[in-house]
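Given next are the chains, with one letter for each unit.
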Amino acid sequence: MNKQRVGNSTFIHNLNQGSIFKIIHRYGPITRKELAENTNYSAATITNHVKTLIEEEYVIETKKGSSNGGRKPVYIKVNPKKGYMLAVNIGVNNCQLFLFDLNFSVISAQNFILDQNQTAQASLLEIKDKIETVLSDQQIKAEKILGLGIAVPALINRAKKRLEFAPNLGWKKLAISEVLAEYFSFPILIENEAKAAVIGEKEFIYPDDDNLVFVSINEGIGCGIILDGKLYTGASGNAGEFGHLIIDSDGPVCHCGNNGCWETMASENYLKNNISKYLAREVSLVEIAQLDFGENNLDQLLKEYAANIGIGLVNIINSLSPEQIIIGGEILKIQEKLLPTIKKIISKRSLQISGDYVKINFTELDGKAAVYGLAALVFNSSIEIIS
Ligand SMILES: [Zn+2]
């Protein structure tokens, strides 16, 4: 049998076996008969591969339902304890460490904040310690981990598998995978946060939509694009930096060197700074969510901010014509206050033909789109099939 060993883990390496496993993963519990009826595989092929998958403990048999008094049919489903996926989403104000089982159930979830005064290297070691603690608390051996996905609000050098530049973290040219690979034998992958998030949305919320844009609004603005069902990364691996669309050429200076980039006028910092200035005290997004916007000037500041978000979205709608734009990030805390103005700008300013096809939603994954996307990436690359 074809098997590939990476680190201590065994991965499905047989084309048909991997495909059957993925179908069981997606549609299980499912009977052998249903598998044969809904795929191009013969009953004999299904029986053979399911037998191997059971022997290897990738899937288990289960009985459910009734069968008119006769024998209950035997269903096949994924063995959730066969393997696990780790996901770490690194943000400026919040980091997440999630452990998923093979069914994408969350086994462990924690949030933490990295000390901005420590070096990037020290932050990575802190993350390494937290991963070791989770595995030991959950009594899961490292060889059961299919991989670790790490999301960063950063440009990525895909060829060198390293972080290129994360302006809001202050990290540059950081070989995250290499540093952590000194401690872990499982595969480690790195992805931009918004790109991980759009994968999470596609896999778990919008499986039937093929053109999606995830807009992550935090200190900056990150975007992930799925076109025709596939993550679009462009020649540089970093396509979709819509945060640097110029929406006001006389606007504030951006760290990229231009003026009036979308992220300088539509990130949470812009709103926080303007409201703090108006109230003459520092306010957080949580406080902003509780402010009374019946007060005229405050309402005006909020509407101007929502309009800035809307203008950037109009540019995306007119250029890519997505079916879904999903907004995520810290800005979710004030989503109800923003949506009416955003929708108004889009209906007024976007090309009607593209505007008619797009739906604007805030993420339903409640700030977890990126970690779910990372788990899906790890899962898909583990069951990557090289025949
Ligand atoms: Zn810029």
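Taking an unreviewed UniProt entry as the reference, the protein chain is identified by name as Sugar kinase of the NBD/HSP70 family, may contain an N-terminal HTH domain belonging to Halanaerobium salsuginis. If you open the UniProt record of the protein chain and go to Sequence similarities (unreviewed entry), you find "Belongs to the ROK (NagC/XylR) family." Turning to the protein chain, the UniProt annotation filed under Function (unreviewed entry) states: "Transcriptional repressor of xylose-utilizing enzymes."

A. Layout of the pattern of salt bridges. Tallying each qualifying case throughout the model produces 15 salt bridges. Between E55 and K51 there is a salt bridge whose closest N-O contact spans 3.3 Å. With E55 and K51 both in helix α3 (residues 43-55) and four residues apart, this pair spans about one turn of that helix. The exposure classification of E55 matches that of K51, with both residues exposed. Linking K202 and D210 is a salt bridge whose minimum nitrogen-to-oxygen distance equals 3.0 Å. Since its relative accessible area comes to 13%, K202 is described here as buried. Residue D210 is classed as partly exposed on the basis of its relative accessible area, which comes to 33%. Each member of the salt-bridge network shares a partner with another, and the members are K128, D129 and E132.

B. Structural view of the coordination of the zinc ion. Protein coordination at the zinc ion comes from H244 (ND1), C254 (SG), C256 (SG) and C261 (SG), with a distance range of 2.0 to 2.3 Å. One can describe the donor arrangement at the zinc ion as tetrahedral, given that its four donor atoms subtend angles of 105 to 119° at the metal. In primary sequence terms, the donor set of the zinc ion follows H-x9-C-x1-C-x4-C. Judged by relative accessible area, C256 falls into the partly exposed class, the value being 37%.

C. Summary view of the sheet that holds strand β4 (residues 59-63). With respect to topology, three strands assemble into an open sheet ordered β3-β5-β4, the strand pairing being antiparallel. The open sheet terminates on both sides in strands that have one partner only, identified here as β3 (30-31) and β4. Here five bridges tie β4 to strand β5 (residues 74-78), and the two strands are oriented antiparallel to one another. Looking at β5, one finds that K63 is bridged to V74.

D. Summary view of the sheet that holds strand β15 (residues 221-227). Read across the sheet, five strands follow the order β16-β15-β14-β17-β18 without closing on themselves; strand pairing throughout is mixed. Edge positions in the open sheet fall to β16 (230-231) and β18 (359-362), since each of these has one partner strand only. Sheet analysis places β15 next to β16, joined by two bridges and oriented antiparallel. Its bridge partner lying in β16, I226 is registered against L231.

E. Local environment of the nonpolar core. Counting residues in hydrophobic clusters, the biggest one holds 42 residues, and the most contacted among them are F21, I24, L53, M85 and F100. For this core, the leading source of residues is helix α13 (residues 369-382), giving nine residues. Counting residues in hydrophobic clusters, the runner-up holds 41 residues, among them Y305, I331, I346 and V358.

F. How the structure looks around the pairing of strand β6 (residues 84-90). Across the seven residues that make up β6, a large majority, seven, are buried. Along β6, one buried face is formed by Y84, L86, V88 and I90 and the opposite face, lined by M85, A87 and N89, is buried too. Note that β6 and strand β7 (residues 95-101) share seven bridges and pair antiparallel. In the strand pairing of β7, I90 is matched with C95. Hairpin connection from β6 to β7: four residues lie between these consecutive antiparallel strands. By the bridge criterion, six bridges tie β6 to strand β9 (residues 145-152) in an arrangement that is parallel. Of the residues in β9, the one forming a bridge with L86 is L148.

What counts and what doesn't
Residues numbered from 1 in each chain as written. Predicted model: local features only at pLDDT ≥ 70, side-chain atom pairs only at ≥ 80, totals over all residues. Heavy atoms only, no water. UniProt positions renumbered as here; feature names shortened; annotations may be inferred. Salt bridge = Lys/Arg side-chain N within 4 Å of Asp/Glu carboxyl O. Helix = DSSP H or I, 4+ residues; strand = E, 2+ residues; numbered from the N terminus. Buried < 20%, exposed > 50% of the residue type's maximum accessible area, 1.4 Å probe, protein only. Donors = N, O, S within 2.8 Å, 3.2 Å for Na, K, Ca; no water. Tetrahedral: all angles 85-135°; square planar, octahedral: opposite > 155°, others 65-115°. Pairing = 2+ DSSP bridges. Core = buried A, V, L, I, M, F, W, Y, C linked by side-chain atoms within 4.5 Å.

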